[in-house]
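Structure at a glance
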Amino acid sequence: MTDTTLEFAPAAEPLEKNYLNEETTLWSWLTTTDHKRIGILYTLSITFFFFIGGLAIGVVRLELMTPHADIVSAEAYNRLFSLHGIIMVWFFLVPSIPTTLGNFLVPMMIGAHDVAFPRLNLLSWYLFMLGALFTLYVLIAGGVDTGWTFYTPLSTSYATGHVAAAAAGVFVAGFSTIATGVNFVATIHMLRAPGMTWFRLPLFVWSMYAVSLVMLLATPVLAMTLLLIFAERVFGMPVFDPAQGGDPLLFQHLFWFYSHPAVYIMILPAMGVVSEIFTCFARRRIFGYTFMVYALLAIAVVGFMVWGHHMFVAGQSALADLVFSFLSFIVAVPSAIKVFNWTATLYRGQISFEAPMLYAMGFLALFTLGGLTGLHLASVPLDIHLHDTYFVIAHFHFIMVGGTVSAFLGGIHYWWPKFTGRMYPESWARFAAITMSIGFITTFLPQYVMGYAGMPRRYQIYLPQFQIYHVISSVGAMILAVAYIMPLLYLGWSLLYGRRAGSNPWGATGLEWQTSSPPPKENFHGTPRVVEGPYVYHDAETASGSEQAAPRPQGAHR
Amino acid sequence: MIGFSDVPEISQYASAIDVKFIVLTALTGAMGILVFVLVIVFSIRYRRGSPASRAPLPRWMQRDVEIGWTVATLFTFLFVFWWMAGAQLSALAQPKTNFEIHIEAKQWMWKVEQPNGAREINAIHVPANTDVRLIMTSDDVIHSLFLPALRIKRDVLPGRYTYLWFKAQRPGTYNFMCTQFCGTDHARMIGHFVVMTPEDYARWSMAQPETDDLAREGARLFVSFGCSGCHAPGSRVHAPDLHGLYGRQIPLDGGGFVTADETYIRDCILLNKHIPAGYPPVMPHFQGVVNEEQVTSLLAYIRSLSAEQQGASR
Ligand SMILES: [Cu+2]
Ligand SMILES: [Cu+2]
């Protein structure tokens, strides 16, 4: 670590002008084109949607405490889990890390003053809010009871809810994803500071690059699919209705062609975040930087070719089953490599366990547990039994909640001092991180068991032998709820009363730490020059010749 | 095999799946434990300020280790794939059986037709130790038939047929259910799957109210819908003879071949979707005239024409 990065800013440091206090009117926030402010706008928005989606599933978990229908009707139950899925997938998980941490950090990490298209960035937030609030209104006022998957012909010809309106909302929000993707690709290509070569990019930036490519290529397919649903439902154009020569399976192919890559839209950024956290709190260079980069890209590319693993029982040909199964095993390899690399990064480190590190370790454990059961589901004969049971629910929640949400919270804590200039109360944060992992395991581990025992998903009433698992799961969900509410409170508290953080409280490398906290509007005073790779936390292992043996980082802000 | 009383397995296939599940879980469990143990050991040994040595890693290490575990993971995963794919391929071969049960799913119930024409709702009775084939279609949305005790499931689609086959071994009453979300009462699409000894089954099916045999019913419909006017051997219309049609490769008008299975025949009747080569496309389509149950009967009749022919030529 360099001398400059160790300096803690004195607590009473007179606040310089920064992106937060430069202008403070509401109007200045709503018209801002500052990527940092847009990141904050997004953070507030998706936090709101996260709690709405969580509330819905809270009622569902309460309902599932007994095998009978107790508190809501069958219709309401279906609307609740549909709301949960739609909100959580499109208005929390997909935008979660890219639009918040990504918006804030990508330009800072590459030494740029803003993203390539700042106004497009603001437009993307407005599109998101338009789509999201409209969809939320539809989901609450009218209701949709198709699940987030909108399977045809249920969604096109039979469902009673407001499917077309919800599809329109998600359609609009999709453009905000595309705008973010365009922006990141352009920013990373065009605006890297002098000396910031591709293989000096922090892995978080690489993950944003990979995820942007996936967003750009996959989201239009979703848009098209939703348009077809809309056309069939509203104008009666028979695309999926078999009674008129349409093909209901076509929908599933299109839908999963987007939705499997969407899983990677959710997890790749998380991988980027924990790479930053592990290196910082283990004081180690990342183990196998180039392998990590290629693993990210491999996942992004191969991830497009595995969608058929959602259709092993849908009536797809046996040969297709085989091919998709094979590719699904292949796509698991780079993910496994990443897990090994994070583990090896700890080797010979100087590890400390602040809250971000605890979240990152929670990520590692839960992502591993979720990823390994992916092998069960990639196996055709096992998937035939497990498909559409709670086993699948457990699998993807381990990855998307245990993985992505842990990483998201880890990232929020890690960069909180940079966002706000304040420290959060450390012991509260550690407590919340541990509570989250415990709550999570309690909620979702029993779901693997009952899934194998034959408990189907999306059932309000179920066979009595599954009650014990549901009860454990619901209790876990309550713990989880507490763990999610805690950060809201103490982070809020820290905004006003937190200790001033100084520019680099963790002694981290990376350009974002080389400027003051909160950063000035233009990020850096001057243009940073980069002379070496990321994560120079300790002397290089070997003498010259090693790919990462390079001089210390040169921050711009002195 | 597995420790839950809720998960009976009642066929050889189901036991084989359980073995696969346990072995794969053990394998992945070992990988998970390896990672966890390493993380914990490193966390303790290399906690900040601990006396453990942080001597530089030898230069070769990073690359070799990296390649080593990439290759090891790849081979492990490929091995699992190969092992699972083998099981999938052997399960593909449909048994030769005449014991066919027709299933029609609709929001939110299962209509079941036994081979002898007996009908049941939300219950499937089968004899033990007999190869059974389910021929399934849906009236409305996509459903999925899940038989947990047999470890099998298959989506049930409108407008086409899907199949499940099995040989249940242990008599008893189990559950089957819909696992593809299908609307309001999805969770109520659950029924009893009853496996009986062949003797009990025979007794049970005798006791069912007399109904027409499916094929006989189909023969009647074949005449009443006017199919026979064109398709009867002596008809003046140039229409294909349906004897021996089922299961044959049919050359199509636009080139190419298709196997005359249930879906093909159904599409011919309802949509006149395929035109066999050499025939004028004059057959009317019966969408909206012939309902699902009648299609099932017609299918049974057309299939019986092929069985007859096989018998005759032998
Ligand atoms: Cu997938
Ligand atoms: Cu159903």
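First, a word on scope: everything that follows refers to the structure included in this document. (Residues numbered from 1 in each chain as written. Chains lettered and ligands numbered in written order. Predicted model: local features only at pLDDT ≥ 70, side-chain atom pairs only at ≥ 80, totals over all residues. Heavy atoms only, no water.)

Residue and element names in this part refer to chain A. In the first shell of the copper ion (ligand 1), the protein supplies His260 (ND1), His309 (NE2) and His310 (NE2), at 1.7 to 2.0 Å from the metal. When the donors of the copper ion (ligand 1) are listed by position in the chain, the intervening gaps give H-x48-H-H. The pair formed by histidine 309 and histidine 310 is uniform in burial state, with each residue classed as buried. (Donors = N, O, S within 2.8 Å, 3.2 Å for Na, K, Ca; no water. Buried < 20%, exposed > 50% of the residue type's maximum accessible area, 1.4 Å probe, protein only.)

Here we come to the coordination of the copper ion (ligand 2). Residues and elements named next belong to chain B. Here the copper ion (ligand 2) is held by His143 (ND1), Cys178 (SG), Cys182 (SG) and Met189 (SD), and the distances to it run 2.1 to 2.5 Å. Between the four donor atoms coordinating the copper ion (ligand 2), the angles at the centre fall across 88 to 123°, so the site counts as tetrahedral. Ordering the donors of the copper ion (ligand 2) by residue number gives the pattern H-x34-C-x3-C-x6-M. With cysteine 178 in strand 9 (residues 172–178) and methionine 189 in the loop between strand 9 and strand 10 (190–196), the pair connects residues that are eleven residues apart, well separated along the chain. The same class applies to cysteine 178 as to methionine 189, namely buried. (Tetrahedral: all angles 85-135°; square planar, octahedral: opposite > 155°, others 65-115°. Helix = DSSP H or I, 4+ residues; strand = E, 2+ residues; numbered from the N terminus.)

Residues and elements named next belong to chain A. Viewed as axis vectors pointing N to C, helix 3 (residues 35–63) and helix 4 (residues 74–109) meet at an angle of 155°, and their least axial separation amounts to 8 Å. By the angle class used here, helix 3 and helix 4 are roughly antiparallel. Crossing of helix 3 over helix 4 shows left-handed handedness. The residue inventory of the contact of helix 3 with helix 4, partitioned by class, reads 23 nonpolar, ten polar and two charged. (Axes fitted to C-alpha atoms, helices over the stretch in contact; angles between N-to-C directions. Parallel < 35°, antiparallel > 145°, perpendicular 65-115°, else oblique. Left-handed = near helix turned anticlockwise from the far one by under 90°. Nonpolar A, V, L, I, M, F, W, Y, C, P; charged D, E, K, R; others polar.)

A separate point is the packing of helix 4 of chain A against helix 14 (residues 390–420) of chain A. Residue and element names in this part refer to chain A. At their nearest, the axes of helix 4 and helix 14 sit 11 Å apart, and the two run at 35° to each other. With respect to the hand of their crossing, helix 4 and helix 14 are arranged in left-handed fashion. On helix 14, the residues touching Tyr77, His84, Phe92, Leu93, Ser96, Ile97, Thr100, Leu101, Phe104, Leu105 and Met109 of helix 4 are Tyr390, His397, Met400, Thr404, Val405, Ala407, Phe408, Gly411, Ile412, Trp415, Lys418 and Phe419. Across the contact of helix 4 with helix 14, the residue classes break down as 16 nonpolar, six polar and one charged. (Contact = heavy atoms within 4.5 Å.)

Right, let's get into the interface of chain B and chain A. Across the boundary between the two partners, chain B contributes 81 residues, which contact 93 residues of chain A. Interface of chain B and chain A: buried area, both sides summed, is about 7600 Å²; carbon and sulfur atoms make up 68% of it. At the boundary of chain B and chain A, one finds one salt bridge. Of all the secondary structure elements, the ones that give two or more residues to the side of chain B that touches chain A are helix 1 (12–45), helix 2 (61–92), strand 7 (152–156) and strand 9 of chain B. Residue contributions to the side of chain B that touches chain A peak at 18 residues, all from helix 2 of chain B. Looking at the side of chain B that touches chain A residue by residue, the classes come out as 45 nonpolar, 19 polar and 17 charged. (Buried area = accessible area lost by both parts, 1.4 Å probe. Salt bridge = Lys/Arg side-chain N within 4 Å of Asp/Glu carboxyl O.)

Moving on: helix 3 of chain A. Taking 1.5 Å of rise per residue, the 29 residues of helix 3 of chain A would be expected to cover 42 Å, and the 42 Å separating its terminal C-alpha atoms lies within 8% of that figure. Capping the start of helix 3 of chain A, aspartate 34 of chain A holds a side-chain oxygen 2.9 Å from the backbone nitrogen of lysine 36 of chain A, two or three residues further along. (Expected span 1.5 Å × (residues − 1). Polar contact = N/O pair within 3.5 Å; in protein donor to acceptor, adjacent residues only side chain to side chain.)

Note that lysine 20 of chain B resides in helix 1. Buried charge lysine 20 of chain B goes without a salt bridge, the closest partner of opposite sign being aspartate 18 of chain B at 11 Å. Setting aside its immediate chain neighbours within four residues, lysine 20 of chain B contacts Leu382 of chain A together with Trp83, Met84 and Ala87 of chain B. (Lys, Arg positive; Asp, Glu negative; His and termini not counted.)

A word on the packing of aromatic side chains. Counting across every chain of the model gives 66 aromatic pairs over all chains. Where phenylalanine 255 of chain A meets tryptophan 256 of chain A, the ring centres are 5.0 Å apart and the plane angle is 80°; that geometry is what we call edge-to-face. Judged by its relative accessible area of 2%, phenylalanine 255 of chain A is buried. When the centroid spacing of 5.9 Å and the interplanar angle of 45° are considered together, the rings of phenylalanine 257 of chain A and phenylalanine 304 of chain A count as tilted. Of this pair, phenylalanine 257 of chain A sits in helix 9 (residues 248–282) while phenylalanine 304 of chain A sits in the loop between helix 10 (289–302) and helix 11 (318–346), and the two are 47 residues apart along the sequence. Judged by relative accessible area, phenylalanine 257 of chain A falls into the partly exposed class, the value being 26%. Among the aromatic residues, ring-to-ring pairing joins Trp90, Trp148, Phe150, Tyr151, Phe240, Phe251, Phe255 and Trp256 of chain A into one connected group. Across the ring face of tryptophan 29 of chain A, the terminal group of arginine 37 of chain A is positioned such that the distance to the ring centre comes to 4.1 Å. Stacked on the ring of tryptophan 83 of chain B, the Lys or Arg lysine 20 of chain B has its end atom at 5.1 Å from the ring centre. (Phe/Tyr/Trp six-rings, centres within 6.5 Å; stacked < 30°, edge-to-face > 60°. Lys NZ or Arg CZ within 6 Å of the ring centre and 35° of its normal.)

With that out of the way, let us pick up the environment of isoleucine 188 of chain A. Residues and elements named next belong to chain A. Mapped onto the fold, isoleucine 188 is located in helix 7 (residues 163–190). It is 11 Å that separates the C-alpha atoms of isoleucine 188 and proline 202, two residues lying 14 residues apart in sequence. Once you skip the residues sitting within four places of it in the chain, isoleucine 188 turns out to touch Val106, Ile110, Trp198, Leu201, Val205, Met208 and Tyr209.

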